[in-house]
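# Structural overview for review
Spelled out from the first residue to the last, the chains are:
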Amino acid sequence: MKRHLLSTADLLLDDALLVLDTADRMARVADAPVRKLPTLRGRTVVNLFFEDSTRTRTSFEVAAKRLSADVINFSARGSSVSKGESLKDTAQTLEAMGADAVVCRHSASGAPHRLASWVRGSVVNAGDGTHEHPTQALLDAFTIRRRLGRVDGLAVTIVGDVLHSRVARSNIWLLTTLGAQVTVVAPPTLLPLGIDGWPVGVSYDLDAVLPKSDVVMMLRVQRERMSAAFFPSEREYSRRYGLDADRAALMPEHALVMHPGPMVRGMEIASSVADSPRSTVVDQVANGVSVRMAVLYLLLGGGTDRETT
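Conventions used here
- Residues numbered from 1 in each chain as written.
- Predicted model: local features only at pLDDT ≥ 70, side-chain atom pairs only at ≥ 80, totals over all residues.
- Heavy atoms only, no water.
- Phe/Tyr/Trp six-rings, centres within 6.5 Å; stacked < 30°, edge-to-face > 60°.
- Helix = DSSP H or I, 4+ residues; strand = E, 2+ residues; numbered from the N terminus.
- Buried < 20%, exposed > 50% of the residue type's maximum accessible area, 1.4 Å probe, protein only.
- Contact = heavy atoms within 4.5 Å.
- Polar contact = N/O pair within 3.5 Å; in protein donor to acceptor, adjacent residues only side chain to side chain.
- Pairing = 2+ DSSP bridges.
- Axes fitted to C-alpha atoms, helices over the stretch in contact; angles between N-to-C directions.
- Salt bridge = Lys/Arg side-chain N within 4 Å of Asp/Glu carboxyl O.
- Core = buried A, V, L, I, M, F, W, Y, C linked by side-chain atoms within 4.5 Å.

As enumerated under the stated definition, the model contains 2 aromatic pairs in all. Summarising the aromatic geometry, the rings of Trp173 and Trp198 are spaced 5.5 Å apart at their centres and angled 45° between planes, so their arrangement reads as tilted. Of this pair, Trp173 sits in helix α6 (residues 166-177) while Trp198 is found in the loop between β6 (181-185) and β7 (201-203), placing the two residues 25 residues apart along the sequence. Classification of Trp173 by relative accessible area gives partly exposed; the value is 25%. Between Tyr237 and Tyr241, the aromatic rings sit 5.8 Å apart at their centres with planes inclined by 45°, giving tilted as the arrangement. You can see Tyr237 and its partner Tyr241 sitting in helix α8 (residues 234-241), 4 residues apart, about one turn around the helix. You'll find Tyr237 and Tyr241 in the same group, each marked buried.

Put into structure tokens, the structure is as follows:
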């Protein structure tokens, strides 16, 4: 692997498979009597979060601690950043602390890439604006592989607010690299310009796509990033693009339902579907720790032959 994990588009097939295979080994730690490895003892991991995200931050913190790393949680709220300190100033502070890895979440697309040019340690993108969220895509692929045995050749349908979703972008690049056939389903107003040039199929009819889907990945409606009315009403959105029990019945028996969370029950997905045996929502949370352990291990502990860029 390279020194940073900033985008799934940067991952070659061998890199992606290495992360997933390593996560398989890390998952066994969760079942061991002592759920800890000494791999990163003496290393410092900084969680640098400019956006609130309890789930992702906690997952990275647990992953680092299970690898015996020292963890520093740095929140922008109440810190010098809220008083006007720049990202570069913060980077210099992290350098002075001797951070070996920085897990960065930021509302500005591209912020982790800038940070990577200013620090000597590894940078992991934990979500930047509407750009990418690589470890979410990796944990999604890991979950699919564990439940269905493979990713290659599967039909994956991503439904909802693709325009504002960094999860969708990261999944599209990664799942395509792993050999899946990806289709996005959304209102035309929630699809990005230029999507015709992406390696995906596009549909506006969810009912037509469901019978051919091995995996249906529902997206959260990103209200906080919307600046206009992208659909008439929540009721209309749910009627056209929500996954209820009747729609779930159209899916093949083996098909999975995924959601990166947090879910808007009753609008994006019905509770009966979210809590059904085919739902992987709880698995995704648990698998997130294993995948993030694998990423930190490969960047800091198992990367003696790492590239320098």
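Having seen the model, we can carry on.
In this fold, Val29 is placed in helix α1 (residues 13-30). Residue classification places Val29 among the buried positions, given a relative accessible area of 8%. Beyond its immediate sequence surroundings of up to four residues, Val29 is in contact with Val34, Arg35, Lys36, Leu37 and Met293.

All right, on to the side chain of His106 then. By the element assignment, His106 lies in strand β3 (residues 101-106). At 3.0 Å, the side chain of His106 forms a polar contact with the backbone nitrogen of Ala108. If we ignore the near neighbours within four places in the chain, the residues touching His106 are Phe50, Glu51, Ala111, Gly127, Asp128, Gly129 and Arg166.

Once that is clear, we can look at the sheet that holds strand β8 (residues 215-218). Strand order in the open sheet made by the 5 strands is β7-β6-β5-β8-β9, with parallel pairing throughout. Strand pairing shows two members of the sheet lacking a second neighbour, β7 and β9 (256-258), which therefore form its edges. Averaged over all adjacent pairs, the angle separating strand axes in this sheet is 20°, with direction ignored.

Here the focus is the environment of Thr143. Mapped onto the secondary structure, Thr143 falls in helix α5 (residues 134-148). Thr143 sits 141 residues away from Lys2 along the chain, and the two C-alpha atoms are 23 Å apart. Setting aside its immediate chain neighbours within four residues, Thr143 contacts Met258, Thr280, Asp283, Gln284 and Asn287. At a separation of 2.7 Å, a polar atom in the side chain of Thr143 contacts the main-chain carbonyl oxygen of Leu139.

Between Gly261 and Pro262 the backbone carries a cis peptide bond, its omega angle lying at -10°. By the secondary structure assignment, Pro262 is in the loop between β9 and α10 (271-274).

In spatial order, the strands read β2-β1-β3-β4; together these 4 strands make up an open sheet with parallel pairing. Two strands lie at the open edges of the sheet, namely β2 (70-75) and β4 (122-128), each paired on one side alone. Recorded for the sheet is a direction-independent mean angle of 15° between the axes of neighbouring strands. With 5 bridges connecting them, β3 and β4 associate as parallel partners. Within β4, the position partnered with Cys104 by the bridge is Asn125.

Inspection of the entire model under this criterion finds 12 salt bridges. Residue Arg147 pairs with Asp283 through a salt bridge whose shortest N-O separation is 2.7 Å. Taken together, the residues span a long stretch of sequence, with Arg147 in helix α5 and Asp283 in helix α11 (residues 281-301) at a distance of 136 residues. A relative accessible area of 33% means that Arg147 is categorised as partly exposed.

With that out of the way, let us pick up the nonpolar core. Residues Leu138, Ile158, Leu175 and Leu243 are the most contacted members of the largest nonpolar core, which totals 83 residues. In terms of residue count, α11 provides more of this core than any other element does, 9 residues in total. If near-sequence neighbours (up to four positions away) are discounted, Leu243 is found in contact with Leu210, Val216, Met218, Ala248, Met251, Val257, Glu268, Ile269, Ala270 and Val273. Core analysis: the next-biggest nonpolar cluster, separate from the first, contains 16 residues, Phe50, Leu94, Val102 and Ala116 among them.

Moving on, we get to the side chain of Ser68. When you line up the elements, Ser68 lands in the loop between α2 (54-66) and β2. On the basis of relative accessible area, Ser68 is assigned to the buried category, the value being 15%. Leave out the neighbours within four places in its chain, and Ser68 touches Lys36, Leu37, Pro38, Leu40, Arg41 and Gly42.

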